[in-house]
Amino acid sequence: MPLDMSEGKKVAPGAKVLGRVFLSVILWGGTFVFAVKILRHHPTNVWERAGLVLLAVLGFLTWPAAVLKVVRLQNEFERRIHLVALAIAFVADILFIFTANMLQLAGFLNWLSLQTIWLVMFFTWFVAMYATSWYYKS
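Conventions and cut-offs
- Residues numbered from 1 in each chain as written.
- Predicted model: local features only at pLDDT ≥ 70, side-chain atom pairs only at ≥ 80, totals over all residues.
- Heavy atoms only, no water.
- Helix = DSSP H or I, 4+ residues; strand = E, 2+ residues; numbered from the N terminus.
- Expected span 1.5 Å × (residues − 1).
- Buried < 20%, exposed > 50% of the residue type's maximum accessible area, 1.4 Å probe, protein only.
- Contact = heavy atoms within 4.5 Å.
- Core = buried A, V, L, I, M, F, W, Y, C linked by side-chain atoms within 4.5 Å.
- Domains from an automatic or database assignment.
- Phe/Tyr/Trp six-rings, centres within 6.5 Å; stacked < 30°, edge-to-face > 60°.
- Patch = residues over 30% accessible without salt bridge, like charges linked within 9 Å, V, L, I, M, F, W, Y side chains within 5 Å.
- Areas by Shrake-Rupley, 256 points an atom, 1.4 Å probe, with all protein chains shown as cover.
- Salt bridge = Lys/Arg side-chain N within 4 Å of Asp/Glu carboxyl O.
- Lys, Arg positive; Asp, Glu negative; His and termini not counted.
- Charge placed at Lys NZ, Arg CZ, Asp CG, Glu CD.

All right, on to helix α4 (residues 114-137) then. Under the 1.5 Å per step criterion, the end-to-end length of α4 is 34 Å for 24 residues, consistent within 8% with the ideal 34 Å. Among the residues of α4, I117, T124, W125, A128, M129 and T132 are the ones counted as buried. Looking at the buried side of α4, the elements it contacts are α2 (46-72) and α3 (76-105).

Below, the structure is given as structure tokens:
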């Protein structure tokens, strides 16, 4: 394990990368909350609104960039787990969105917020990662 000279402690290489993923999620959440709070007050300045949208999008992009770095640093077997989990999550998310759309068209569901869709997408990705890891490692 590499030695972190600032504190004199050993730091696992994967822990540093996972820490970046965690920080990217915090940055994403912070930029999102900040932008939404201001945009809900309906600012009239076009540049201010565009800047807030850009801030939120750039904050979001830190998360997939960090996850991509994690996947790229892993061996072929671990990459396969990530790709299979992403495929499973993609199908589950598309099924959820398609079903919700059909329920809206049929009048059973009035409205579905984007936050709900994001929550379902995150949850399916997490479950797919856990299930795929368990399947391939057992």
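Next up on the list: the nonpolar core. Of all hydrophobic cores here, the largest spans 14 residues; its most connected members are V21, W63, V67, W125 and M129. When contributions to this core are tallied by element, the ones reaching two or more residues are α1 (13-39), α2, α3 and α4. When residues of this core are sorted by domain, at least three fall in each of domain 1 (12-73) and domain 2 (76-138). If we ignore the near neighbours within four places in the chain, the residues touching M129 are I81, H82 and A85.

Moving on to the environment of G59. With respect to the helices, strands and loops of the structure, G59 is situated in helix α2. A relative accessible area of 4% means that G59 is categorised as buried. Sequence separation of G59 and F32 is 27 residues, and the distance between their C-alpha atoms is 7.3 Å. Non-local contacts of G59, meaning those with residues more than four positions away in its chain, are made with S24, W28 and T31.

Bringing the packing of aromatic side chains into the picture now. Enumeration over the complete set of coordinates arrives at nine aromatic pairs. Measuring from ring centre to ring centre gives 5.0 Å for W28 and F60, while their planes differ by 75°; the resulting arrangement is edge-to-face. On the criterion of sequence distance, the pair formed by W28 in helix α1 and F60 in helix α2 is long-range, its members being 32 residues apart. Centre to centre, the rings of F122 and W125 are 6.0 Å apart; their planes meet at 50°, and the pair counts as tilted. Of the two residues, F122 and W125 are both situated in helix α4; the distance of three residues between them amounts to about one turn of the helix. Among the aromatic residues, those joined into a ring-pair cluster are W28, F60, W63, W118, F122 and W125.

A surface patch of like charges, here positive, comprises K16, R20, K69, R72 and R79. Among the elements of the structure, α1 and α2 are those that each provide at least two residues to the positive patch. Overall, R72 belongs to the exposed group, its relative accessible area being 59%.

From the geometry alone we can't say anything about function, so treat these as descriptive.
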